Amino acid sequence: MAEVVLSHISKKFGSVTAISDVSLTIGNGEFIVLLGPTGAGKTTLLRLVAGLETADAGTISIGGFDATKSAPSSRDVAFVFQQYSLYPHLTVFENLAFPLRSPIRNMSEKDITAKVKEIAGLLRIEDKLQNRATQLSGGQMQRVAIGRALVRSPSIYLMDEPLSSLDAKLRGDLRVELKRIQHVMGATVLYVTHDQMEAMTLATRIGVMKEGHLVQVGTPREIYTDPVDLYVASRLGTPSINSLPSKDFQVAGIPDTVHTIGLRTEHLQIRKGKKGSFIGTVNYVEHLGDQDYLHISINGHELVTLSNPDDGLSTGDEVSLEFVNALYFDRAGNRVHRGKHP
Amino acid sequence: MNARSSTAHSVVEPSLTSRRVASVLVIVYAFVTLIPLFWIFATGFKTPPDSISYPPKVIFEPSLEGYCNLFTTRTRQTSEYIAQLGPPEGICDEVTRRREMVIAGTSNYAPRFINSVIIAFGSTFLSVFLGVMAAYGFSRFKVPLKDDLLFFILSTRMMPPIAVAIPIYLMYRELGLSDTKLGMILLYTAVNVSLAVWLLKGFIDEIPREYEEAAMIDGYTRLQAFRKVVLPQATTGIAATAIFCLIFAWNEYAFAVLLTSGDAQTAPPFIPTIIGEGGMDWPAVGAGTTLFLIPIFIFTILLRKHLLRGITFGAVRK
Ligand SMILES: Nc1ncnc2c1ncn2[C@@H]1O[C@H](COP(=O)(O)OP(=O)(O)OP(=O)(O)O)[C@@H](O)[C@H]1O
Ligand SMILES: [Mg+2]
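What counts, and where the lines are drawn
Residues numbered from 1 in each chain as written. Chains lettered and ligands numbered in written order. Predicted model: local features only at pLDDT ≥ 70, side-chain atom pairs only at ≥ 80, totals over all residues. Heavy atoms only, no water. Domains from an automatic or database assignment. Contact = heavy atoms within 4.5 Å. Salt bridge = Lys/Arg side-chain N within 4 Å of Asp/Glu carboxyl O. Pairing = 2+ DSSP bridges. Helix = DSSP H or I, 4+ residues; strand = E, 2+ residues; numbered from the N terminus. Axes fitted to C-alpha atoms, helices over the stretch in contact; angles between N-to-C directions. Parallel < 35°, antiparallel > 145°, perpendicular 65-115°, else oblique. Nonpolar A, V, L, I, M, F, W, Y, C, P; charged D, E, K, R; others polar. Buried area = accessible area lost by both parts, 1.4 Å probe. Polar contact = N/O pair within 3.5 Å; in protein donor to acceptor, adjacent residues only side chain to side chain. Buried < 20%, exposed > 50% of the residue type's maximum accessible area, 1.4 Å probe, protein only. Phe/Tyr/Trp six-rings, centres within 6.5 Å; stacked < 30°, edge-to-face > 60°. Lys NZ or Arg CZ within 6 Å of the ring centre and 35° of its normal. Donors = N, O, S within 2.8 Å, 3.2 Å for Na, K, Ca; no water. Near = heavy atom within 4 Å. Areas by Shrake-Rupley, 256 points an atom, 1.4 Å probe, with all protein chains shown as cover.

Asker: When you look at the domain arrangement of chain A in this model, what are you seeing that I'm missing?
Answerer: When the parts come together, some accessible area is lost, and that loss is often what is quoted as the size of the interface. Residues and elements named next belong to chain A. On domain assignment, one finds that chain A holds domain 1 (4-235) and domain 2 (242-340). Taking the mean C-alpha position of each, domain 1 and domain 2 sit 38 Å from one another. Taken together, the contacts link nine residues of domain 1 with ten residues of domain 2. Counting across the domain 1 and domain 2 interface gives one salt bridge. Where Arg 335 meets Asp 226, a salt bridge forms, and the shortest distance between an N and an O atom there is 2.8 Å.

Pasting the structure below:
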């Protein structure tokens, strides 16, 4: 395990800027999750760390050594690909053993077998070891792919949406398993996902990417409660943050530059009745089981918020709303901090 | 996401009628194409008089005379001379003496056949080897002028090779490559390599780069990754390409006639020169042709397994 430092990395493909001036230090034993919409450059960033792409500018150091120009095989990283992760001409066992049989590792066949068995047990694929890689379900393939990374103890694990084709149950199990493994082995991980839940639970820090830029890096809590802009704020939270134009809502002490008010469930106090700062109407209620999604229309805008089914709100009810510590954003979407004394 | 569609195949079953029509067509077609082959095979086992009798004999008494004549040279002797010889050694001796001849030595068929094997397999190996390397390079690296180079390689096949026979003849004479196995291997390789590059490039393009990338991250060099990951997945393409190259080199006639006459002569120009007393020795020609078909036949059957297995690989995702 090692510290990985990216400094001022840029990468272009022809005229497309895939990565633009990204700096990030992944501390030893850290689990960093990259979030961002499709095309944001997440995969490209992982490939740069792995050495599958060379950066146009900037440096990468792995474990204190400058790896900017090293070959992939000498960087000692493990990669779980978004696609095509298994060798189709090999069995599951051979797939798992493949990294260990590399000439630079020179491991005995006995140790290899032991290690493969151990990892197969961990991922619950022992009974599939003799299958061809093509004879597995999508979920099994993905587990083998993760296993192929886990058989080694590299400087850093790079994982590109490794759980994306699993069913919800298995995904949850593996998420917990990954976290446990990372904890036990003290592994350094750079992980890409579109799943908020994975990001929030796995990450020691989350990096939010947008069009090749790393917009914000911080603990899941920081990213959630203290986003630098509306874009970051909209990456996390279910339902996602409500953004209302400030011109339609008179809020006391609001700075002039504020253009948008961002409201999550915890920024709203909702009561039945008409006594409050703002009055809205419940449009409809979505029942999710343990919680409800409340769709409220207010001053010609719609809000979606979580509510407790016991609140007894139903379609057509009039409600009063208070904004509590809402997030403010200016015209460009950047965060506007409240004055020290609101 | 595509795992399901690529692991489970569902193919619409053809209806019974269309299967019957297809079988009938296949049988008729096979019959038509197999008649000449059967005729050659049968001629190999006829006696010279039977082979040229009119009307042609479909039912005849099989004889090994064709095979004996193929491998031997014979001289005519008087019956007194033959009578005073000891008992015949083996079946060929006997067959030959019946025609008032004795075996004088071995014919050139065996060495010509061996030349064919060396030249055809040698050039096939070389074409496929160069083809795989070039195709991999074109498929995976930024090669300057890639499209022009690929077009150039293809363009070497646009004119019939025999059109350049005279320049090649003169060039080979200057270089001392006339009538050498090396010369023939190089020539057939030059003709085949363009086909090999194009065919193999198609197959290698189909193999996702991620496999090699994964192998390189797993601690292998590009060359090792190529050997362990790309080659095994390219077996289908390699087998198909090898069969095409071999068939061309094995059957090639025009250059072989022009450029070889002795040491490096292959079987195709040799077979028509088998002349018996009073014209062509058709049974020997039939025998020589039948034997000549066998290697290609075996090679294709051996590789057929790879061809089929390659198809079932399919694409694996996730
Ligand atoms: N080899 C390449 N050649 C040209 N453009 C590329 C290449 N690889 C990536 N790109 C471009 O770089 C940008 C970033 O791509 P990347 O694959 O890193 O996105 P991503 O964040 O991983 O997206 P997703 O969530 O869909 O996987 C995209 O605009 C993509 O089109
Ligand atoms: Mg990606």
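Moving on from the coordinates now.
Asker: I would appreciate a short explanation of the sheet that holds strand β16 (residues 301-307) of chain A in the present structure.
Answerer: Sheet strands associate in pairs through backbone hydrogen bonding, adopting either a parallel or an antiparallel arrangement. All names here are of chain A. With antiparallel pairing, five strands are arranged side by side in an open sheet as β13-β17-β14-β15-β16. Looking at strand neighbours, the two that pair on one side only are β13 (268-272) and β16, the edges of this open sheet. Recorded for the sheet is a direction-independent mean angle of 40 degrees between the axes of neighbouring strands. Pairing geometry for β13 and strand β17 (residues 318-323), over five bridges, is antiparallel. Looking at β17, one finds that Lys 272 is bridged to Val 319.

Asker: Help me understand the packing of helix α7 (residues 109-140) of chain B against helix α12 (residues 222-233) of chain B in this model?
Answerer: A packed helix pair is summarised by two numbers, namely the angle formed by the two axes and the spacing between the axes. All names here are of chain B. Orientation of α7 relative to α12, taken along the N-to-C sense of each, is 105 degrees, at an axis distance of 13 Å. Comparing their axes, α12 and α7 come out roughly perpendicular. Contacts from Val 132, Met 133, Tyr 136 and Arg 140 in α7 reach Arg 222, Phe 226, Val 230 and Leu 231 in α12. Residue composition of the contact of α7 with α12, by class: six nonpolar, no polar and two charged.

Asker: Explain the interface of chain A and chain B here, please?
Answerer: Each partner contributes to the interface: chain A provides 35 residues, whereas chain B provides 22 residues. Area buried by chain A at its contact with chain B is led by Tyr84(A), His89(A) and Phe98(A), which between them contribute 27% of it. There are three salt bridges connecting chain A and chain B. Among the salt bridges present, the one from Arg148(A) reaches Asp218(B), with a minimum N-O distance of 3.5 Å. Taken together, the links from chain A to chain B amount to eleven residue pairs in polar contact (both at pLDDT 80 or more). Where the side of chain A that touches chain B is concerned, the elements lending two or more residues are α1 (42-50), β6 (77-80) and α4 (138-150) of chain A. Top contributing element to the side of chain A that touches chain B by residue count: α4(A), with four residues. For the side of chain A that touches chain B, a count of residues per class yields 18 nonpolar, eleven polar and six charged.

Asker: Got a minute to help me understand the environment of Pro88(B) in this structure?
Answerer: All names here are of chain B. Mapped onto the elements, Pro 88 comes out in the loop between α5 (79-83) and α6 (90-98). Classification of Pro 88 by relative accessible area gives partly exposed; the value is 41%. Distance from Pro 88 to Val 102, taken between C-alpha atoms, is 9.8 Å for residues 14 residues apart in sequence. For Pro 88, the contacting residues outside a window of four places in its chain are Asp 93, Glu 94 and Arg 97.

Asker: Would you mind showing me how to read the side chain of Asn192(B) here?
Answerer: With respect to the helices, strands and loops of the structure, Asn192(B) is situated in helix α10 (residues 181-205). What Asn192(B) contacts, discounting residues up to four positions off in sequence, is Ser127(B), Arg157(B), Cys245(B), Phe248(B) and Ala249(B).

Asker: Which parts of the structure should I look at to understand the packing of aromatic side chains?
Answerer: For any pair of aromatic rings, the description rests on two quantities: the centre-to-centre distance and the angle between the ring planes. Using the criterion set out here, one finds 20 aromatic pairs over all chains in the structure. Plain terms: the ring middles of Phe249(A) and Phe278(A) are 5.5 Å apart, the flat faces sit at 70 degrees to each other, and that makes the pair edge-to-face. You can see Phe249(A) sitting in the loop between β11 (242-245) and β12 (260-263) and its partner Phe278(A) sitting in strand β14 (residues 278-287), a full 29 residues away along the chain. With relative accessibility at 8%, the residue Phe278(A) sits in the buried group. One aromatic cluster in this structure is built from Phe71(B), Tyr109(B), Phe113(B), Trp250(B), Phe270(B) and Phe292(B). Geometry around Tyr224(A) places Arg264(A) over its ring, the cationic atom sitting 4.1 Å from the centre. If you follow Lys46(B) out to its NZ or CZ, it ends over the ring of Trp39(B), 4.0 Å from the centre.

Asker: Looking at this model, I keep getting lost on the coordination of the magnesium ion (ligand 2). Mind explaining?
Answerer: Octahedral metal centres with six donors ideally show angles of 90 or 180 degrees, and tetrahedral centres with four donors ideally show 109.5 degrees. Within the protein, the magnesium ion (ligand 2) binds to Thr43(A) (OG1) and Gln82(A) (OE1); these donor distances fall in the range 1.8 to 2.5 Å. Pair noted here: Thr43(A) is in helix α1 and Gln82(A) is in the loop between β6 and α2 (92-97), with a separation of 39 residues, a long-range link.

Asker: For this particular structure, what's the right way to read the site of ligand 1?
Answerer: Residues and elements named next belong to chain A. The immediate surroundings of ligand 1 are formed by 13 residues, with Thr 38, Gly 39, Lys 42, Thr 43 and Thr 44 found nearest. With respect to ligand 1, the side chain of Lys 42 contributes an N or O atom lying 2.8 Å from an oxygen atom. Against a free-state accessible area of 630 Å², the protein chains account for coverage of 62% of ligand 1. For the shell around ligand 1, the elements supplying multiple residues, two or more each, are β2 (16-26) and α1. Considering each element in turn, the shell around ligand 1 owes the most residues, three residues, to α1. Per-class residue counts for the shell around ligand 1 are four nonpolar, seven polar and two charged.

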